[in-house]
Amino acid sequence: MQDHDMHHPDLNDDLDRIDLRILEVLSGDGRIAVTELAKKVGLSKSPCQVRLKRLQDEGYIQGFRAILNAAKLGLEHVAFAEVKLTDTTEKALSAFNKAVLQVPEIEQCHMIAGSFDYLLKIRTRDIQSYRRVLGEVISTLPYVGSTSTHVSMQSVKDEAF
């Protein structure tokens, strides 16, 4: 994995160059030993641990997780569904948002400023499974008026931040 330049002009001023480097290293290898992390960022172990704990406590690091192999799990089918709601009041948006969180096949949900209201990333075993999820689950979510599906043929780049 290539290192990413995490220095953005709008990032919190509370982060210095070493904090940004810690985040950069961890985004590529979340299981790195603290001693190795300390070496990579030019600190001794104790100050590195203190910074790591602060970055976690302040919410810059939300957690650590395993990256699963979708092919080995038989979950290679990815589709993106544009969703238009029949109502976009706060009550409707809130009801839709809450319901989406309960659907395991929905990997991502983004509210969109554009010609539709939400973009969903849905991962299933195959097109038949997707069709079932779309018809039986997504189409029945609160205030869904219409959907439009785009099937992913290949994932060229798929990184979590």
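Our structure's up above, just so we're on the same page.
A brief look at the structure comes next. None of the values given here were measured: they were computed from a predicted structure.

1. Observations concerning the packing of aromatic side chains
Phase 1: Summed over the entire model, instances satisfying the criterion amount to one aromatic pair.
Phase 2: Pairing Phe96 with Tyr118 gives two aromatic rings, centres 4.3 Å apart and planes at 40 degrees, and the pair type is tilted. Note that Phe96 is positioned in helix α4 (residues 90-100) and Tyr118 in strand β3 (residues 118-124), a separation of 22 residues in sequence. For the residue pair Phe96 and Tyr118, the accessibility class agrees, reading buried in each case.

2. Things to note about the pattern of salt bridges
Phase 1: Counted under the stated rule, the structure contains 10 salt bridges.
Phase 2: Residue Lys39 pairs with Glu36 through a salt bridge whose shortest N-O separation is 3.8 Å. You can see Lys39 and its partner Glu36 sitting in helix α2 (residues 34-41), three residues apart, about one turn around the helix.
Phase 3: Its relative accessible area of 65% is what places Lys39 among the exposed residues.
Phase 4: Glu36 sits in the partly exposed class, given a relative accessible area of 33%.
Phase 5: The closest approach of N and O atoms between Lys121 and Glu107, which form a salt bridge, is 2.9 Å. With Lys121 in strand β3 and Glu107 in strand β2 (residues 106-111), this residue pair connects regions lying 14 residues apart in the sequence.

3. Quick word on the side chain of Thr124
Phase 1: Relative to the helices and strands, Thr124 is located in strand β3.
Phase 2: At 3.2 Å, the side chain of Thr124 forms a polar contact with the backbone oxygen of Asp126.
Phase 3: Those residues in contact with Thr124 that sit more than four places away from it in its chain are Gly74, Leu75, Glu76, His77, Glu105, Ser129, Tyr130 and Val133.

4. Concerning the environment of Ile138
Phase 1: The residue Ile138 is located in the loop between α5 (127-136) and β4 (144-151) in this model.
Phase 2: For the pair Ile138 and Ala81, spaced 57 residues apart in sequence, the C-alpha separation works out to 9.2 Å.
Phase 3: If we skip the residues at most four places from it in the chain, Ile138 touches Ile106, Leu120, Ile122, Val133, Val144 and Thr147.

5. Considerations on α4
Because an α-helix packs 3.6 residues into every turn, residues spaced three or four apart end up facing the same way.
Phase 1: Taken together, the buried positions of α4 are Ala92, Leu93, Phe96, Ala99 and Val100. Summarising the axial view, the buried residues of α4 lie within an arc of 135 degrees, below the 170-degree limit, and thus occupy one face. Residues of α4 that are exposed and angled more than 90 degrees away from the buried face: Glu90, Lys91 and Lys98.

6. Details of the sheet that holds β3
Phase 1: Taken in spatial order, the four strands make up an open sheet running β2-β3-β1-β4, and their pairing is antiparallel. Only two strands of the sheet have a single partner each, and these edge strands are β2 and β4. With strand direction ignored, the average angle separating the axes of adjacent strands in the sheet is 20 degrees.
Phase 2: In this structure, strand β1 (residues 77-85) lies alongside β4, joined through seven bridges in antiparallel fashion. In the strand pairing of β4, Ala79 is matched with Val151.

Quick notes on the rules
Residues numbered from 1 in each chain as written. Predicted model: local features only at pLDDT ≥ 70, side-chain atom pairs only at ≥ 80, totals over all residues. Heavy atoms only, no water. Phe/Tyr/Trp six-rings, centres within 6.5 Å; stacked < 30°, edge-to-face > 60°. Helix = DSSP H or I, 4+ residues; strand = E, 2+ residues; numbered from the N terminus. Buried < 20%, exposed > 50% of the residue type's maximum accessible area, 1.4 Å probe, protein only. Salt bridge = Lys/Arg side-chain N within 4 Å of Asp/Glu carboxyl O. Polar contact = N/O pair within 3.5 Å; in protein donor to acceptor, adjacent residues only side chain to side chain. Contact = heavy atoms within 4.5 Å. Arc of directions from axis to C-beta. Pairing = 2+ DSSP bridges. Axes fitted to C-alpha atoms, helices over the stretch in contact; angles between N-to-C directions.

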